[in-house]
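Here are the chains, one letter per residue:
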Amino acid sequence: EVQLVQSGEEVRKPGESLRISCKGSGFTFTSYWIGWVRQMPGKGLEWMGIIYPFDSDTRHSPSLQGQVTISADKSISTAYLQWSSLKAADTAMYYCVRSMVRGVAGPFDIWGQGTMVTVSS
Amino acid sequence: DIQMTQSPSSLSASVGDRVTITCRASQGISNSLAWFQQKPGKAPKLLLYAASSLESGVPSRFSGSGSGTDYTLTISSLQPEDFATYYCQHYYSSPHTFGQGTRLEIK
């Protein structure tokens, strides 16, 4: 079965660092683009960026550039979303997604279950 | 960046109604458009891609059309399980912007 399994819920304080993960299984991880989507509480979906694990080619949303880092470890079929200094505004559900077609950046058909990140003092 | 304007933001309809949701891109996106359905507490689900191609397992009452900058999602006969929030997303170029969403409610 093709699936993306994300790491569990996180609660952090402002200024702390965090890395959440997304592990792919049932498909060749290096052949598909993996992306991240943010959904703040009660709000819509926001595209954060994508990575091609084969060569780590990465595209970030300009609005989030420098605030988060997208990376991948192809040896363990896992993509990551990382913050060096969290803010309360980072409180959101984060979904990872997989592209439908090998090597093509979109559309994205497979979604992880989501990781809720809460940042509060 | 390409902006996606989705309308309406909310819609009330009854079971059996035909509903249409529109999405307008700020520039041409060559049918590189997907539609998603999201129910409360769940991850979004892909309904259509390439503007009009139905994802496997999605009921045929869902259809998509459009070209250039203007696209529509149509549900031909609303079923109780269709009440949810719908999003369009282009994937023509990065960033792959989403529309603001349309909340479909029971009248």
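Scroll up for the structure.
All of these numbers come straight from a predicted model, not from anything done at the bench. (Residues numbered from 1 in each chain as written. Chains lettered and ligands numbered in written order. Predicted model: local features only at pLDDT ≥ 70, side-chain atom pairs only at ≥ 80, totals over all residues. Heavy atoms only, no water.)

Draft legend 1. Structural detail: the overall build of chain A. Assigned secondary structure in chain A consists of zero helices and eleven strands. Listing every helix and strand of chain A by position from the N terminus yields β-β-β-β-β-β-β-β-β-β-β. For 121 residues, the compact-globule estimate of 2.2 N^0.38 gives 14 Å, and the C-alpha radius of gyration of chain A, at 14 Å, lies within 12% of that figure. Taken across its 121 residues, chain A has 50% of its residues classed as buried. Expressed as a percentage of contacts within chain A between residues at least 6 apart in sequence, the contacts between residues at least 24 apart total 55%. Split by element, the accessible area of chain A, about 5,400 Å² in all, is 49% carbon and sulfur. (Helix = DSSP H or I, 4+ residues; strand = E, 2+ residues; numbered from the N terminus. Rg over C-alpha atoms; globule rule 2.2 N^0.38 Å. Buried < 20%, exposed > 50% of the residue type's maximum accessible area, 1.4 Å probe, protein only. Contact = heavy atoms within 4.5 Å. Areas by Shrake-Rupley, 256 points an atom, 1.4 Å probe, with all protein chains shown as cover.)

Draft legend 2. Molecular detail of unusual backbone geometry. Cis geometry marks the peptide bond from B:Ser7 to B:Pro8, where omega comes out at -5°. Within the secondary structure, B:Pro8 is located in the loop between strand E1 (4-7) and strand E2 (10-13). Residue B:Pro95 is reached from B:Ser94 by a cis peptide bond, and omega for that bond is 0°. Tracing the sequence through the fold places B:Pro95 in the loop between strand E9 (85-90) and strand E10 (102-106). A positive phi is found at A:Ser77, a non-glycine position, where the angle reads about 50°.

Draft legend 3. Broad picture of the pairing of strand E7 (residues 69-73) of chain A. Residue and element names in this part refer to chain A. By the bridge criterion, five bridges tie E7 to strand E8 (residues 78-83) in an arrangement that is antiparallel. Bridge pairing in E8 places Ser71 opposite Tyr80. Where E7 folds back onto E8 in an antiparallel hairpin, the turn is made up of four residues, including Ser77, whose phi is positive at roughly 50°. (Pairing = 2+ DSSP bridges.)

Draft legend 4. The arrangement of the environment of B:Leu48 in detail. All names here are of chain B. Mapped onto the elements of the fold, Leu48 is located in strand E5 (residues 45-49). Residue classification places Leu48 among the buried positions, given a relative accessible area of 0%. In sequence terms Leu48 and Trp35 are 13 residues apart; their C-alpha atoms lie 5.2 Å from each other. Apart from residues lying up to four places away in sequence, Leu48 is in contact with Leu33, Ala34, Trp35, Ser53, Leu54, Glu55, Phe62, Ser63, Gly64 and Leu73.

Draft legend 5. Structural detail: the environment of A:Arg59. Structurally, the position occupied by A:Arg59 is in strand E6 (residues 57-60). In this structure A:Arg59 comes out as partly exposed when scored by relative accessible area, which is 32%. Look past the residues within four positions of A:Arg59 in its chain and what remains in contact with it is A:Trp33, A:Trp47, A:Met48, A:Gly49, A:Ile50 and B:Ser94. Within the local environment of A:Arg59, its side chain forms a polar contact with the side chain of A:Asp57, the two groups lying 2.8 Å apart. (Polar contact = N/O pair within 3.5 Å; in protein donor to acceptor, adjacent residues only side chain to side chain.)

Draft legend 6. Representation of the packing of aromatic side chains within the structure. According to the stated counting rule, one finds nine aromatic pairs over all chains in the structure shown. Summarising the aromatic geometry, the rings of A:Phe27 and A:Tyr32 are spaced 5.5 Å apart at their centres and angled 85° between planes, so their arrangement reads as edge-to-face. Here the two residues A:Phe27 and A:Tyr32 agree in accessibility, since each one is buried. Aromatic pair B:Phe62 and B:Tyr86: ring centres 6.4 Å apart, planes at 40°, arrangement tilted. Residue B:Phe62 is located in strand E7 (residues 62-67), and its partner B:Tyr86 is located in strand E9; the two are separated by 24 residues in the primary sequence. According to the relative accessible area criterion, B:Phe62 is buried, its value standing at 5%. Among the aromatic side chains, those forming a connected cluster through ring pairs are A:Tyr95, A:Trp111, B:Phe36 and B:Phe98. Against the face of A:Tyr32 rests A:Arg98, its NZ or CZ located 3.9 Å from the ring centre. (Phe/Tyr/Trp six-rings, centres within 6.5 Å; stacked < 30°, edge-to-face > 60°. Lys NZ or Arg CZ within 6 Å of the ring centre and 35° of its normal.)

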